[in-house]
Amino acid sequence: MTKSKLSALNVTTASAFVALTAIGANITSIAPFMVIGGVPITLQTFFAVMSGIVLGSRLGALSMSVYMMLGLVGAPIFAQFKGGASVILSPTFGFILSFILLAYVAGKLVERNQSLSMYITAALIGMSINYIVGTNWMYAAYIFWFEAPEELTYKLVWLWMLVPLPKDIILSICAAALAFRIHKFGISFLSSQK
């Protein structure tokens, strides 16, 4: 495979991650108990991390780019079945935007070293990128284009993120273990991207 061409298997697998991320975004429609305090607990970060550490940097970032673009053109694939360009202005769009970067970085890390410890490290770094980009976007959205309550502070926005943090740490480690097992079974998209 040349660097400019994607195989049918690569396209199919990347498409599967687009679909899985969309399902993960709306898991609360299947499991309504995963809404805590009116906030849906999604599996988007899990699948975004998986896309990077299973597909590698280029293909993982491509699959998350396709996910984002499909949602922005109107497909109802974001959390709570939202879609359309107006989502860019939502406080949570930074998390979606971060999926591309986190998949690329996590994929790059495992392309260089396929040990279990690197898979876990890559997954946790990817999750951290998601939190950093997403939380900063959320704060900026509330400050610049939403009317933030006076008591809203940067620290408070980060405190909100403590609710999903344990879930995302556990799921990132699970993603790493699953991706490592997939690689050990001989299913790998990593070597073709070096």
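Up top is the structure.
Residues numbered from 1 in each chain as written. Predicted model: local features only at pLDDT ≥ 70, side-chain atom pairs only at ≥ 80, totals over all residues. Heavy atoms only, no water.

**Concerning the packing of helix H1 (residues 8–25) against helix H3 (residues 57–72)**
Move 1: One can describe the packing of H1 onto H3 by two numbers: an axis separation of 9 Å at closest approach and a directional angle of 50°. Of the possible angle classes, the one that applies to H1 and H3 is oblique. The crossing of H1 and H3 is right-handed. For the pair formed by H1 and H3, the contact residues are Asn 10, Ala 14, Phe 17, Val 18, Thr 21, Ala 22 and Ala 25 on the first element and Leu 59, Ser 63, Met 64, Val 66, Tyr 67 and Leu 70 on the second.
Move 2: Of the residues contributing to the contact of H1 with H3, the split by class is ten nonpolar, three polar and no charged. (Axes fitted to C-alpha atoms, helices over the stretch in contact; angles between N-to-C directions. Helix = DSSP H or I, 4+ residues; strand = E, 2+ residues; numbered from the N terminus. Parallel < 35°, antiparallel > 145°, perpendicular 65-115°, else oblique. Left-handed = near helix turned anticlockwise from the far one by under 90°. Contact = heavy atoms within 4.5 Å. Nonpolar A, V, L, I, M, F, W, Y, C, P; charged D, E, K, R; others polar.)

**Some points on unusual backbone geometry**
Move 1: Positioned with a positive phi, Gln 80 is a non-glycine residue whose angle comes to about 60°.
Move 2: Within the fold, Gln 80 resides in the loop between H3 and helix H4 (93–112).
Move 3: Judged by its relative accessible area of 45%, Gln 80 falls in the partly exposed class.
Move 4: Even without being a glycine, Phe 81 presents a positive backbone phi close to 55°.
Move 5: Among the structural elements, Phe 81 can be located in the loop between H3 and H4.
Move 6: Residue Phe 81 is classed as partly exposed on the basis of its relative accessible area, which comes to 48%. (Buried < 20%, exposed > 50% of the residue type's maximum accessible area, 1.4 Å probe, protein only.)

**Section: the pattern of salt bridges**
Opposite charge on two side chains makes pairing possible when the charged atoms of those side chains draw close.
Move 1: Going through the model one piece at a time under the given rule, you end up with two salt bridges.
Move 2: Between Glu 111 and Lys 108 there is a salt bridge, with its nearest N and O atoms 3.8 Å apart. Note that Glu 111 and Lys 108 are positioned in helix H4 at a spacing of three residues, about one turn of the helix.
Move 3: Classification of Glu 111 by relative accessible area gives buried; the value is 5%. (Salt bridge = Lys/Arg side-chain N within 4 Å of Asp/Glu carboxyl O.)

**Description of a nonpolar patch on the surface**
Move 1: Where nonpolar side chains cluster on the molecular surface, the patch consists of Leu 6, Val 11, Leu 62, Val 66, Leu 70 and Val 73 and spans about 480 Å² of accessible area.
Move 2: At three residues, H3 tops the list of elements feeding residues into the nonpolar patch.
Move 3: On the secondary structure map, Leu 62 appears in helix H3.
Move 4: Look at Leu 62 and you get partly exposed, because its relative accessible area is 37%. (Patch = residues over 30% accessible without salt bridge, like charges linked within 9 Å, V, L, I, M, F, W, Y side chains within 5 Å. Areas by Shrake-Rupley, 256 points an atom, 1.4 Å probe, with all protein chains shown as cover.)

**Some words on the nonpolar core**
Move 1: Ile 53, Tyr 67, Ile 96 and Tyr 119 are the most contacted members of the largest nonpolar core, which totals 45 residues.
Move 2: Of all elements in the fold, only H1, helix H2 (44–55), H3, H4, helix H5 (116–144) and helix H7 (165–184) reach the threshold of two or more residues within this core.
Move 3: Take this core: its biggest share by element is eight residues, from H2.
Move 4: Counting residues in hydrophobic clusters, the runner-up holds seven residues, among them Tyr 131, Met 138, Leu 152 and Val 157. (Core = buried A, V, L, I, M, F, W, Y, C linked by side-chain atoms within 4.5 Å.)

Function cannot be read off these values alone, since they describe shape.
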